[in-house]
Amino acid sequence: MTSLINAVDVFVEQQKTEILEEDERDEREQVKWEQDRAYQESLAVDRAKEDTKRREEETRLFKEMEEERQRHQEAQEKEAIRLSLADQLPSEPGSNCTDPVSVLRIRGPGGKMLTRRFRIKDCIQVVLNYVSSQGFHIDEYKVLTTYPRKDLTAIQSDVTLEELKLYPQETLILEQR
């Protein structure tokens, strides 16, 4: 009988040891599971951040491309307008012209000087078209007289150079708006 009691005691001790080991294993598994869950959550957050960053980058690139396309289109339109205005300009009167002529010097930004002869019966719109055909679009630049300072882009376009007293010669100033 003692051997049976002894065997039961040994069995109970082994069972306690196995229960303790299984509890420790369950605790380790629980910690591992929690770590894996935390890792997966962190990974999901990181992926969401990467997706957001990628979408923001795509949006920024799309906006840049759209702005570049608009700038290119505007440049093409301005060039087409410039060429159209250059074609519409009357020819410059030569030195042997019998009509009264005005010599206009137009000082541009950066000291660039434009000089051209116009008939005094030409309207101011011809001068404005000439300035635009040289790359200084009237929507971006003002044409001013020196003294008294007057904005020629703000007056009626059918006024002649003679009426504006811009003959026999005058210096005009281009100023950016």
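Up top is the structure.
How each quantity is defined
- Residues numbered from 1 in each chain as written.
- Predicted model: local features only at pLDDT ≥ 70, side-chain atom pairs only at ≥ 80, totals over all residues.
- Heavy atoms only, no water.
- Buried < 20%, exposed > 50% of the residue type's maximum accessible area, 1.4 Å probe, protein only.
- Helix = DSSP H or I, 4+ residues; strand = E, 2+ residues; numbered from the N terminus.
- Pairing = 2+ DSSP bridges.
- Patch = residues over 30% accessible without salt bridge, like charges linked within 9 Å, V, L, I, M, F, W, Y side chains within 5 Å.
- Areas by Shrake-Rupley, 256 points an atom, 1.4 Å probe, with all protein chains shown as cover.
- Salt bridge = Lys/Arg side-chain N within 4 Å of Asp/Glu carboxyl O.

Caption draft 1: The pairing of strand S3 (residues 141-145), seen in detail. For S3, the tally of buried residues reaches 4 of 5 residues, placing the bulk of the element in the interior. Relative to strand S4 (residues 169-176), S3 is paired through 5 bridges, and the arrangement is antiparallel. Counterpart to Tyr141 in the pairing with S4 is Gln176.

Caption draft 2: Molecular detail of a nonpolar patch on the surface. Together, Met1, Leu4, Ile5, Val8, Phe11 and Val12 make up an exposed nonpolar region whose accessible area comes to about 620 Å². Relative to the assigned elements, Ile5 resides in helix H1 (residues 2-88). On the basis of relative accessible area, Ile5 is assigned to the partly exposed category, the value being 47%.

Caption draft 3: Here's a closer look at the pairing of strand S1 (residues 101-107). Of the strand pairs in this sheet, S1 and strand S2 (residues 113-119) are connected by 7 bridges, and their pairing is antiparallel. Bridge pairing in S2 places Arg107 opposite Met113. Between S1 and S2, which pair antiparallel and follow one another directly, the connecting turn spans 5 residues, one of which, Gly110, has a positive phi of 75°. Here S1 pairs with S4 via 5 bridges, running parallel. If you follow Val103 over to S4, its bridge partner there is Gln169.

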